[in-house]
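# Structure assessment
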4 protein chains.
Amino acid sequence: MKKCASILLLIAAFSFSVYGQRKIVNLPDLPGYVTLKCDFHLHTVFSDGSVWPLVRVGEAYRDGLDAIAITDHLEYTPGKAFIPVNHNAAWEISKNMARDYNIMLVQGAEITRDMPPGHINALFIRDASLLAVDSVMDVCEAAIKQGAFLQWNHPGWKSQEPDGIPKMYEIHKKLIEKGWLHGIEFFNHNEYYPLVMTFCKQNNLAVMANSDDHHVISEDYKEPEYTNRPMTLVFAKERTYDALREALFAGRTLAYFRDVIAGREEYAKTFFNECISVGKPYYQNERSIFLEIVNRSDVPFYLINGVHEAPPSINLPANSITRLAISRKAASPLNYDVKNVITGENEVLKIELKY
Amino acid sequence: MKKCASILLLIAAFSFSVYGQRKIVNLPDLPGYVTLKCDFHLHTVFSDGSVWPLVRVGEAYRDGLDAIAITDHLEYTPGKAFIPVNHNAAWEISKNMARDYNIMLVQGAEITRDMPPGHINALFIRDASLLAVDSVMDVCEAAIKQGAFLQWNHPGWKSQEPDGIPKMYEIHKKLIEKGWLHGIEFFNHNEYYPLVMTFCKQNNLAVMANSDDHHVISEDYKEPEYTNRPMTLVFAKERTYDALREALFAGRTLAYFRDVIAGREEYAKTFFNECISVGKPYYQNERSIFLEIVNRSDVPFYLINGVHEAPPSINLPANSITRLAISRKAASPLNYDVKNVITGENEVLKIELKY
Amino acid sequence: MKKCASILLLIAAFSFSVYGQRKIVNLPDLPGYVTLKCDFHLHTVFSDGSVWPLVRVGEAYRDGLDAIAITDHLEYTPGKAFIPVNHNAAWEISKNMARDYNIMLVQGAEITRDMPPGHINALFIRDASLLAVDSVMDVCEAAIKQGAFLQWNHPGWKSQEPDGIPKMYEIHKKLIEKGWLHGIEFFNHNEYYPLVMTFCKQNNLAVMANSDDHHVISEDYKEPEYTNRPMTLVFAKERTYDALREALFAGRTLAYFRDVIAGREEYAKTFFNECISVGKPYYQNERSIFLEIVNRSDVPFYLINGVHEAPPSINLPANSITRLAISRKAASPLNYDVKNVITGENEVLKIELKY
Amino acid sequence: MKKCASILLLIAAFSFSVYGQRKIVNLPDLPGYVTLKCDFHLHTVFSDGSVWPLVRVGEAYRDGLDAIAITDHLEYTPGKAFIPVNHNAAWEISKNMARDYNIMLVQGAEITRDMPPGHINALFIRDASLLAVDSVMDVCEAAIKQGAFLQWNHPGWKSQEPDGIPKMYEIHKKLIEKGWLHGIEFFNHNEYYPLVMTFCKQNNLAVMANSDDHHVISEDYKEPEYTNRPMTLVFAKERTYDALREALFAGRTLAYFRDVIAGREEYAKTFFNECISVGKPYYQNERSIFLEIVNRSDVPFYLINGVHEAPPSINLPANSITRLAISRKAASPLNYDVKNVITGENEVLKIELKY
């Protein structure tokens, strides 16, 4: 018989070797804020996921995340013939490993109802078992009493909205009115919902991106198709649980997945400017000015709609230096739209490059 | 709420997309036998593993295996505060998916005792709950009554044999005498035990290779360090459950892991000859004869101890063609030792190349 | 000073270690024919390429090709301030290494004119210097006198045909009339020209695919974007220079690049059937028949337009086994179009799967 | 005929797409100095290399280098039957592309003699043709007159020193006495020579690392075996040609290849300290203090010989965060040897971690 006293020790020890190397996610802090990389939507064998809760902590460690929430379904536990329903189990199993691995573990649960209101994550709760009540409004109230941040999940999920378009129903409006809805997923797993940008803007809600992973992160998000899992970037005053929570309620987030950033223009613009630096010209001739733009982040940027003799488009690949030969007829600054930084349902970020 | 009626359907459907592509493992059949790729040692959340049983079927499908056994510990179930002990659960959950994915699922359980006798897998059983008895000899008898093939696991595991050397204790001899021991692991997870070659030869037991995986196969066996998980190659008269069982009891196996093959010389030699073909010389000059050797298998072969003007060593990389310029003074056939094909505790396969 | 007697020895020795491992290209032979993998369009520093000729032989060896032609431009030698024009230099430098590495080196040259007639490769010539004459018809005649196979290169190249559409000019018709044109490139570098299918069919010419590489093959064709360089597959009676030449003049070719095969239906259909095997059903229930299709080739196949209860589309990934659950209401054989096997300007291969 | 006026334009344009993305090499600047990444030893078809000179500029651009020297052999030009000897050709062909791509191109040549003195690179010269004289001392003098930095190449190369051990001959001592030798290669291609550390220390010479590449960088240095080519890191007051030259003569270098850094202790220590940051403890219990060490560089560090209850060894992988649980009995700072930072023939860097 293996000599380990408890499964926590056993699997934690095992995980240490599998997950030993913690990646640095190259995303800049913003002035005054630290950028926390978070995934607030994850499942385990305690609802319909296929992994033990500690796997989620190990994955977050390896992927360089700062915070995660395990959010098993409250109302959907298909393995219950083999595993008794226990809404706090994943939290209890994971919290010590998360503490030891410097991951902020946010306790959560997924309220799992037909549309409307669909699925809602209750985050920052303290006892998920108190949320196992019948009426969905009662569940939300029970969560709010525990100080929860409520996030509307995958509002355009085709299993619930066959046309793929999120709809704001009466119950959502009511939740917002009461101050019981705080964020909406723009990215979920490998989907996104443009209309969420409008919902968030109109109601001052946080734009979120989460994996909603049921399986194994490294198998679901593999290169070359995927270079990263979905992450909610949270701009917090410091790297603490309280500061994380404050920032979320204040809506200081960007949604990040693949090569796309989405969120409020003020954060998106500052974020872009912190990623990019434009070097001084290193050579000039009668026709052109040669310079380099450095992108030190993991996010590539696709600049389009250049005008007035400027290059019509510029790609700034992630973690790379891009060389430009700009016509002397082009005037500084150069104005561009950033095709992959989304600031509204039909809007992208507008930036300028000064040299 | 997700609309699926049962977790079996749900996760099976999910797995289909994750595991959709089934690899061809390039290992030749032997004359008269089909080569079955098998892993007879796997864990799940029903003992101390970190995945749901269906994950094991999906992984086997993707990896191109023909047969697996899920062998959760009978006596070690550290998650029992959350998951009630049920020795047949993994089998019951997995059997339909295995059938649909053309994986032969062998029912199994790991008898988990201090050394001696250490850990023993009971394979081809029909009801694991009947094995939950106190005396280890009684467990073995109960397994034998169900027709079990008994495999001694990781006999040199340092947690049980601190010097790493397998030892044949009285109880092992007694099991062999009674005909209650049929195979021994030469490879387990990422370890191997040379002495197992002698034990198997002296007692006419099958040489086995298994992953003993507790976590996620694709994370535990990753390129470039690993190109494949450990596999027991079984030479069966046909690809059926009964033929698989017959071949195992007859000891028609080779152990395969990384770039090493281990087992009885008769199978190793035939296997090598089926992997390799020596082409006719395509050019000759006064000094040399030029020819190509094709290795159509996933196993590289390292030929050493060449004599009499032959190249002293030849590497035949997997799935590749190797070009040779052989001195006219060398005589055909060329004799070599195959460094990575192990036929005894201190023996490797001897082969000849005819051209 | 390095001790090597000649650059041929020096670089050949060097290349041996860089290019030591020769890949097996998994493409089946056809009944009665061996499938030769060829690239008949390559450049070196002796025209406007950036590598020494031996590099082309080393690359071909590593990539598992059977034959190549180095076809430097006759009329375009921009490095001549540093390298004197010598149309036979690449051939002379490479022929011994090719012989030693079992590559059939076809002597060639690219006739490099404005459109019409554009660029034409003369293959199987014996002295390229005799082709340095003024009139393009004289060049072709000189090539034909040496027994050349003449291939029209990249007929839709936008530098010569700004709309990208190949056009059959008078001079091409004249060449065909005289029997002086034998093949046309369908794939060139990373382009393709659908209309070539019609030109080849109407005039009974060979469909060709070549890299036209000027730089380094491994940098121009890199995973994940590219899994292989363009290749002309030639179905020859044996693997000899003469049989290669005979097969080309007979038009027994398919063009292969990325995941596309293009050419005459008779070769395409036989090729597909040699790649694929449909297994016997391994399980049936009241609704479905379960079976596996094995694709042992490097080419994936995308089956579309399934009808009558059959799966509407089936992907058969390269070197993989695909599992199907077919409705009992579907009748064998299942009929499909193979989206990526092109048999005409607007035609794809039609196949049937029997089970 | 292709429409380009000159090969320079043609290949420069072509290279732009092949080499379009310029990597950021993650190596920190030192206080007061910018860290220039350089390769001062490269060959082309103008001696015994297999690529055109522009390839060297494109590779340097892609690899994120700041400076290179093309150093074709003066006395060894085996392709001269096809390419007339021209010692300035590579320089003339490359200089404009280097300027446009922001690569500092250092003109160079390799004096290629039997040992002693073996091979010596003359760097920062202005006319290589003046170095084609008979006596090696005359060559060195001619180089010195042009302001050359002279680097002794691969002093332990087995073709010249069969035992692999560099030897300081009379001629080397004489060169040093005259001030005509300024650096020695510690790393060359894939070799290294420990004794070079002593030679450099005793004579105040720069420690160098160069690829000496004759072929294609991306094929010679491929993952997973190689993550980078050899580079001389030069600590210059600014990123200019003059500052680069000043820093080299001042001996402000480190040699870098694979996972090894070698050079003077003062630069090695500062370099290490700029790579590493030790975080504040994020958790403590009665036994341990938990903290993270961030390594933002491309160089992993292997700390060994920990004492007094500290972890005996710590690996700090490149671009990663390493989590430590340190016993409360260990005292800050922790003292370690850095196994892969070489500061002498038998010395490695000693560092301390404060927390």
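The structure contained in this document is the topic of the report that follows. These numbers come from a predicted model, not from an experiment.

## Structural notes on the packing of aromatic side chains
According to the stated counting rule, one finds 68 aromatic pairs over all chains in the structure shown. With a centroid separation of 5.5 Å and an interplanar angle of 70 degrees, the aromatic rings of A:Phe187 and A:Phe257 are classed as edge-to-face. Taken as a pair, A:Phe187 in strand E7 (residues 183–188) and A:Phe257 in strand E11 (residues 253–257) lie far apart in primary sequence, 70 residues in all. Among the residues examined, A:Phe257 registers a relative accessible area of 2% and is labelled buried. Aromatic rings pair up to connect A:Phe186, A:Phe187, A:Tyr192, A:Tyr221, A:Tyr226 and A:Phe257 into one cluster. For A:Arg323, the ring lying beneath its charged end belongs to D:Tyr101, and the centroid distance is 3.8 Å. Sitting over the face of the ring of D:Phe124, D:Arg245 holds its NZ or CZ atom 5.9 Å from the ring centroid.

## A closer look at the nonpolar core
The nonpolar side chains of soluble globular proteins are, as a tendency, buried together. Grouped together as the largest cluster of nonpolar side chains are 118 residues, with contacts concentrated most on C:Phe271, C:Phe301, C:Leu303, D:Phe271, D:Phe301 and D:Leu303. The residues contacting C:Phe271, other than those within four sequence positions of it, are C:Leu27, C:Pro28, C:Leu30, C:Leu233, C:Leu254, C:Ile261, C:Val299 and C:Phe301. Counting 116 residues, the second largest nonpolar core, distinct from the first, contains A:Ala60, A:Ala89, A:Phe301 and B:Val216.

## Topic: the pairing of strand E10 (residues 231–236) of chain B
Residues and elements named next belong to chain B. Of all six residues that make up E10, six are buried, and the element is covered over most of its length. Residues Met231, Leu233 and Phe235 line one face of E10 and the alternating positions Thr232, Val234 and Ala236 line the opposite face, and both faces are buried. Bridging between strand E2 (residues 34–39) and E10 involves five bridges; their strand directions are antiparallel. What sits directly across from Val34, in E10, is Ala236.

## A few points about the side chain of B:Arg323
Locating B:Arg323 in the fold gives a position in strand E18 (residues 320–327). As a buried residue without a salt bridge, B:Arg323 has its nearest oppositely charged side chain in C:Asp100, at a separation of 4.8 Å. Only 2.7 Å separates the side chain of B:Arg323 from the backbone oxygen of C:Asp100, close enough to count as a polar contact.

## Some remarks on the environment of D:Val139
All names here are of chain D. Relative to the elements of secondary structure, Val139 occurs in helix H4 (residues 136–145). Once the C-alpha coordinates of Val139 and Ala128 are considered, the two residues, 11 residues apart in sequence, prove to be 10.0 Å apart. With sequence-adjacent residues up to four places away left out, Val139 is seen in contact with Leu74, Ile111, Arg113, Leu131 and Val133.

Criteria and cut-off values
- By convention here, each chain's residues receive numbers from 1 onward along its written sequence.
- Written order determines the labels here, with chains lettered from A and ligands numbered from 1.
- For a predicted model such as this one, the threshold for reporting local features is a pLDDT of at least 70, and the threshold for listing and counting side-chain atom pairs is 80 or more; totals across whole chains, interfaces and linings nevertheless cover every residue.
- Hydrogens and water are ignored here; the side-chain numbers use all heavy atoms of the structure.
- We call Phe, Tyr and Trp rings a pair once their centres come within 6.5 Å, taking the six-membered ring for Trp, and we label the pair stacked below 30 degrees between planes, edge-to-face above 60, and tilted otherwise.
- Elements are defined by DSSP. Helices are runs of H or I of four residues or more, strands are runs of E of two residues or more, and each kind is numbered from the N terminus.
- Exposure is judged per residue with a 1.4 Å probe applied to protein chains only, and the accessible area is read against the type maximum: over 50% gives exposed, under 20% gives buried, and values in between give partly exposed.
- In this scheme, Lys NZ or Arg CZ marks a charge over a ring once it lies within 6 Å of the ring centre and within 35 degrees of the ring normal.
- Here, nonpolar core refers to any group of buried Ala, Val, Leu, Ile, Met, Phe, Trp, Tyr and Cys residues whose side-chain atoms link them within 4.5 Å.
- When checking whether two residues touch, look at their non-hydrogen atoms; a contact exists if any pair is within 4.5 Å.
- Following DSSP output, two strands are said to pair if at least two bridges run between them.
- Only four residue types enter the tally: Lys and Arg on the positive side, Asp and Glu on the negative side, with His and both chain ends excluded.
- Should a side-chain nitrogen of Lys or Arg be within 4 Å of a carboxyl oxygen of Asp or Glu, the pair is scored as a salt bridge.
- For the purposes of these results, a polar contact is taken to be a pair of N or O atoms within 3.5 Å, where, inside protein, one atom must be able to donate a hydrogen and its partner to accept one; residues adjacent in sequence count only when each atom of the pair is a side-chain atom.

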